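# Coordinates in review
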Amino acid sequence: AGKGAFGICYVEILSCDGLPNLDETPAGVPATGDKTDAFVAMLFEDTLVRTDVIFDRLNPRWMPWSMRAFAFPIQHPGSPLILAVFDYDQGPMNAHDPIGRVVINMTNFEAETVYNLSYKLHNSIMKDDDQGVLKMRLRIEYNDEKKAYLESFGKAPRFHVNVSNPKAFEVLKYMIKGDVNMDKA
């Protein structure tokens with residue numbers, strides 16, 4: 001996925017802790033085994049990917065054999081990495097419920113270093129809306145570190161992301177805009 005020439009950004013989703021239960025019954029009493037079905041979606045430049053769904057867990061763990069690791073070609077060294085956790089909902093009309101998101105400034109990381117990171121998830125711009133913690137591993141490799149560093153000061157190109165269905169579009173829209181509905185503002 002992607003077509004960058006500066007290097008590669010490696011991302012591996014490890015776990016989430018303390019996610020809210022978004023699969024409660026309408027009466028507010030959770031049914032047996034009816035807990036959040038979590039997946040993590042990642043947006044980097046022109047690429048949108050997602051992990052496997054971990055069903056019925058408020059503290060999901062993505063095992064090494066699951067879809068959890070991704071390599072993103074880098075088109076611009078200053079591009080942000082956006083991660084969001086969702087509660088998976090089946091059916092074409094049911095939108096995935098957003099749990100929280102984080103936007104990572106990639107210029108804060110050195111190349112050729114493995115980072116084990118933890119980020120608090122937030123569903124809105126309010127700082128007190130803690131929605132759990134996302135744990136991940138990150139590594140960046142540049143073909144020419146000096147060239148990438150200098151390019152990071154330049155203007156990033158505009159990226160276009162294609163999605164295959166309305167649910168994927170809603171995931172993408174939440175990742176970019178967050179919980180704020182800019183269409184109604």
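Now for a look at the structure at hand. (Residues numbered from 1 in each chain as written. Predicted model: local features only at pLDDT ≥ 70, side-chain atom pairs only at ≥ 80, totals over all residues. Heavy atoms only, no water.)

### Points about the packing of aromatic side chains
- Enumeration over the complete set of coordinates arrives at seven aromatic pairs.
- With centroids separated by 5.7 Å and ring planes inclined at 50°, the aromatic side chains of Phe44 and Phe72 adopt a geometry described as tilted. You can see Phe44 sitting in strand E2 (residues 38–44) and its partner Phe72 sitting in strand E4 (residues 69–74), a full 28 residues away along the chain.
- Ring centres of Phe109 and Tyr115 lie 4.9 Å apart, and the angle between their planes is 70°; on these two criteria the pair is classed as edge-to-face. Each member of the pair Phe109 and Tyr115 is classed as buried.
- One aromatic cluster in this structure is built from Phe39, Phe55, Phe86, Tyr88 and Tyr174.
- One Lys or Arg, Arg50, reaches over the ring of Phe39 and ends 4.6 Å from the middle of that ring.
- Cation over ring: Lys167 sits above Tyr88, and NZ or CZ is 5.7 Å from the ring centre. (Phe/Tyr/Trp six-rings, centres within 6.5 Å; stacked < 30°, edge-to-face > 60°. Helix = DSSP H or I, 4+ residues; strand = E, 2+ residues; numbered from the N terminus. Buried < 20%, exposed > 50% of the residue type's maximum accessible area, 1.4 Å probe, protein only. Lys NZ or Arg CZ within 6 Å of the ring centre and 35° of its normal.)

### Topic: the nonpolar core
- Core analysis: the largest hydrophobic core is formed by 34 residues, its most contacted members being Leu81, Leu83 and Leu138.
- Where this core is concerned, the elements lending two or more residues are strand E1 (7–17), E2, E4, strand E5 (81–87), strand E6 (97–104), strand E7 (115–122) and strand E8 (130–142).
- Per-element tally for this core: the top contributor is E8, with five residues.
- The contact partners of Leu81, leaving out residues within four places of it in the chain, are Val11, Leu43, Phe44, Phe72, Val102, Val103, Ile104, Met106, Met136 and Leu138.
- Membership of the second largest hydrophobic core comes to 12 residues, among which are Ala41, Val171, Leu172 and Tyr174. (Core = buried A, V, L, I, M, F, W, Y, C linked by side-chain atoms within 4.5 Å. Contact = heavy atoms within 4.5 Å.)

### Quick look at the environment of Leu48
- Its place among the elements puts Leu48 in strand E3 (residues 47–50).
- On the basis of relative accessibility, which here comes to 25%, the residue Leu48 falls in the partly exposed class.
- Through-space distance from the C-alpha of Leu48 to that of Asn162 is 8.4 Å; in sequence the pair is 114 residues apart.
- Discounting residues that sit within four places of it in the chain, Leu48 has contacts with Met42, Leu43, Val161, Val163, Ala168, Leu172 and Met175.

### Brief notes about empty space enclosed by the protein
- Per the counting criterion, the structure on display carries one cavity of 30 Å³ or more.
- Looking at the largest cavity, its volume works out to about 40 Å³.
- Every residue along the wall of the largest cavity is listed here: Cys9, Phe44, Ile74, His76, Pro77, Met106, Ile140 and Tyr142.
- Among the residues forming the lining of the largest cavity, the class breakdown is seven nonpolar, one polar and no charged. (1 Å grid on protein atoms, 1.4 Å probe; cavity = no way out; pocket = protein on both sides within 12 Å on 5 of 7 lines; lining within 4 Å. Points joined across faces, edges and corners; volume = space filled by probe spheres on them. Nonpolar A, V, L, I, M, F, W, Y, C, P; charged D, E, K, R; others polar.)

### Some remarks on helix H2 (residues 166–177)
- Under the 1.5 Å per step criterion, the end-to-end length of H2 is 16 Å for 12 residues, consistent within 8% with the ideal 16 Å.
- Among all positions in H2, only Lys167, Ala168, Val171, Leu172, Tyr174 and Met175 are buried. The arc that holds every buried residue of H2, seen down its axis, measures 160°, which confines them to one face. Residues Pro166 and Ile176 are exposed on H2 and point more than 90 degrees away from its buried face.
- Those residues of H2 hidden inside the fold are in contact with E2, E3, E5, E6 and E7.
- Sitting at the amino-terminal end of H2 is Asn165, which places a side-chain oxygen 3.1 Å from the backbone nitrogen of Lys167.
- Remark: Gly178 follows H2 within two positions and exhibits a positive phi of approximately 80°. (Expected span 1.5 Å × (residues − 1). Arc of directions from axis to C-beta. Polar contact = N/O pair within 3.5 Å; in protein donor to acceptor, adjacent residues only side chain to side chain.)

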